[in-house]
Amino acid sequence: MMATETPERHASTSGIDKVPSVVLGVVLFVCSEAIFFSALFAAWFTARGRATQWPPAGIEIHPTLGAVASGLLILSSVQVYQARLMIRREGDARGMARLLWGGIILALIALALQLIDLSGVNFTVATNGFGTIYWTTSILDSAHVAGAIVFAFLVLDRKWMGVIRRSNHDLMTAAAIFWHFVVGLSVFTFLVLEVVS
Amino acid sequence: MRQGARIWVILGLFGVVATIAFVVLTARFLQAASGAVMLGVFALSMLYIGWVLHSGRHTDPTDQPDAEAEVGPEHIFPPSWAPPLLALGVALFAVGVRFTPVLLAVGGMIIVLTLFGWIVQRIDVIRLQHAAPPGAADPRDSGNPGMGHDHA
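Asks: Would you take a moment to explain the overall build of chain B for this structure?
Replies: Helix and strand counts for chain B stand at four helices and zero strands. Put simply, chain B runs from its N terminus to its C terminus through helices and strands in the order α-α-α-α. A buried classification covers 30% of the 152 residues belonging to chain B. Within chain B, counting contacts between residues at least 6 apart in sequence, those at least 24 apart form 61% of the total. Carbon and sulfur atoms form 73% of the exposed surface of chain B, whose accessible area is close to 9,300 Å².

Structure below.
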């Protein structure tokens, strides 16, 4: 679930390398989000540990759409990883944008599948504890996917402004960290809520 | 190890010990899993932050003659009301999914209008940026106040 990007090093005018503010900010945000979601998963495991029947009677879960969405998100993560490599190693902002668009499109399709999947379940957030945690975790997960897409658009915006280049791609690094976190979170959410259930 | 990283690594190692102790001392698997997830994620998060901070190390600047100073505020995304409005729209939309189609519609409308306004605003800025001659002032400073783009 943790991001795997290596933070960039910058030589400041004082001669001290430091982590760029935008990267450090996203790392702190990602870690706080991970701890937040861990509480939801802990609640899920606790509820399941105490239940005599799981999932509760009458609950039906179809993991097909979730599996496709997870697969698409993993592919999008590969795109974003390559986009970062493109600007970092080649300095090719246009190639970075092209790969980032690929990731965005894949994530948009995955997000749509997640919402379709969610709208088709035969229980609501108020049905029982299962429904409460399922809906809360799923909606928040989808919101994070949407957030990652918005973040990617911010990177594209900076690219269109001509700001992002080989020597200044911290925003791309930060977006990649958040993107990989969101994909890991989505896959973990799918495995816990739909496959293990 | 850099001083800033040390406290995070210590917290992370404490989390690792706590996770192992919790799993060993808890008899039931699912209860152990719930605690291990929370403590484990906490430990990993602390270690990750510690690693990130540790990765910035002291060097001689002459080692990296091509390195640039960290970007200044002119490279940060400019202020706008669009993100909080978008958040409001998404929140209303999410609540509407569960409770009432009215909130769903209001949230959806806020999302679409905000995105439209934000994109139009950005396209204008980008167009000005590309049209401006080299060395000209940043077009974001031209005083276009649309969507709260105040650049104060």
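Asks: I tried to follow the pattern of salt bridges on my own but got confused; where do I start?
Replies: Working definition: two side chains of opposite charge can pair if their charged atoms are close together. Applying the stated rule across the entire model yields two salt bridges over all chains. Close ionic contact of Asp 157 of chain A with Arg 158 of chain A constitutes a salt bridge, the shortest N to O distance being 3.5 Å. Comparing Asp 157 of chain A with Arg 158 of chain A, the two get one shared label, buried. Close ionic contact of Arg 122 of chain B with Asp 157 of chain A constitutes a salt bridge, the shortest N to O distance being 2.6 Å.

Asks: Looking at this structure, I do not really get helix α5 (residues 170-195) of chain A. What am I missing?
Replies: Given 3.6 residues per turn, any residue in an α-helix points the same way as the ones three and four places further on. In this model, α5 of chain A (26 residues) spans 36 Å end to end at C-alpha, consistent with the 38 Å of a helix rising 1.5 Å per residue. Counting buried positions over the 26 residues of α5 of chain A gives 22, a clear majority of the element.

Asks: Honestly, the confidence of the model for chain A in this entry has me stumped. Any pointers?
Replies: Note that predicted coordinates carrying low pLDDT should not be read in detail. Residue and element names in this part refer to chain A. Put simply, chain A has an average pLDDT of 86, and 91% of its residues get 70 or more. The weakest mean pLDDT in chain A belongs to strand β1 (residues 10-11) at 48; the strongest belongs to helix α2 (residues 64-90) at 94. Scored below 50 in pLDDT, residues 11-16 makes 12 contacts in the model with residues more than four places away or belonging to other chains.

Asks: What should I look at first to understand the packing of aromatic side chains in this one?
Replies: Remark: the centre distance and the inter-plane angle together describe each pair of aromatic rings, the angle taken between the planes. All names here are of chain A. Tallied over the entire structure, the rule returns 13 aromatic pairs over all chains. Judged by centre distance (5.0 Å) and plane angle (50 degrees), the ring pair of Trp 44 and Phe 130 falls under tilted. Of this pair, Trp 44 sits in helix α1 (residues 21-50) while Phe 130 sits in helix α4 (residues 129-160), placing them 86 residues apart in sequence. Comparing Trp 44 with Phe 130, the two get one shared label, buried.

Asks: I'm lost on a nonpolar patch on the surface in this one. Help?
Replies: All names here are of chain A. Together, Trp 101, Ile 105, Ile 109, Phe 153 and Trp 160 give the surface a local cluster of nonpolar side chains, amounting to about 440 Å² of exposed area. Broken down by element, the residue count for the nonpolar patch peaks at three residues, all from helix α3 (residues 93-119). By the secondary structure assignment, Trp 160 is in helix α4. Classification of Trp 160 by relative accessible area gives partly exposed; the value is 33%.

Asks: Is there a simple way to explain unusual backbone geometry in this structure?
Replies: With the exception of glycine, the majority of residues adopt a negative phi angle, and the majority of peptide bonds are in the trans configuration. In this structure, Pro 55 of chain A follows Trp 54 of chain A across a cis peptide bond, with omega equal to -5 degrees. Within the element layout of this structure, Pro 55 of chain A appears in the loop between α1 and α2.

Asks: Looking at this model, I keep getting lost on the confidence of the model for chain B. Mind explaining?
Replies: All names here are of chain B. Taken over all residues, the pLDDT of chain B has a mean of 75, while the share at 70 or more is 71%. Confidence scores differ between elements of chain B, with helix α4 (residues 101-131) showing the lowest mean pLDDT of 86 and helix α1 (residues 3-25) the highest of 89. Counting contacts from residues 138-152, a segment whose pLDDT is below 50, to residues more than four positions away or on other chains yields 34 contacts. Listed scores for the predicted complex are pTM 0.76 and ipTM 0.76.

Asks: How should the packing of α4 of chain A against α4 of chain B be read in this particular structure?
Replies: Packed helix pairs are characterised by how far apart their axes lie and by the angle those axes make with each other. It is the contact of α4 of chain A with α4 of chain B, at a shortest axis distance of 10 Å, that shows an interaxial angle of 20 degrees. By the angle class used here, α4 of chain A and α4 of chain B are roughly parallel. Relative to α4 of chain B, α4 of chain A is oriented so that their crossing is right-handed. Together, Val 150, Leu 154, Asp 157, Arg 158 and Trp 160 of chain A of α4 of chain A and Trp 118, Arg 122, Ile 126 and His 130 of chain B of α4 of chain B make up the contact between the two elements. Along the lines of polarity and charge, the residues of the contact of α4 of chain A with α4 of chain B split into five nonpolar, one polar and three charged.

Thresholds applied
Residues numbered from 1 in each chain as written. Chains lettered and ligands numbered in written order. Predicted model: local features only at pLDDT ≥ 70, side-chain atom pairs only at ≥ 80, totals over all residues. Heavy atoms only, no water. Helix = DSSP H or I, 4+ residues; strand = E, 2+ residues; numbered from the N terminus. Buried < 20%, exposed > 50% of the residue type's maximum accessible area, 1.4 Å probe, protein only. Contact = heavy atoms within 4.5 Å. Areas by Shrake-Rupley, 256 points an atom, 1.4 Å probe, with all protein chains shown as cover. Salt bridge = Lys/Arg side-chain N within 4 Å of Asp/Glu carboxyl O. Expected span 1.5 Å × (residues − 1). pLDDT = per-residue confidence, 0-100. Phe/Tyr/Trp six-rings, centres within 6.5 Å; stacked < 30°, edge-to-face > 60°. Patch = residues over 30% accessible without salt bridge, like charges linked within 9 Å, V, L, I, M, F, W, Y side chains within 5 Å. Axes fitted to C-alpha atoms, helices over the stretch in contact; angles between N-to-C directions. Parallel < 35°, antiparallel > 145°, perpendicular 65-115°, else oblique. Left-handed = near helix turned anticlockwise from the far one by under 90°. Nonpolar A, V, L, I, M, F, W, Y, C, P; charged D, E, K, R; others polar.

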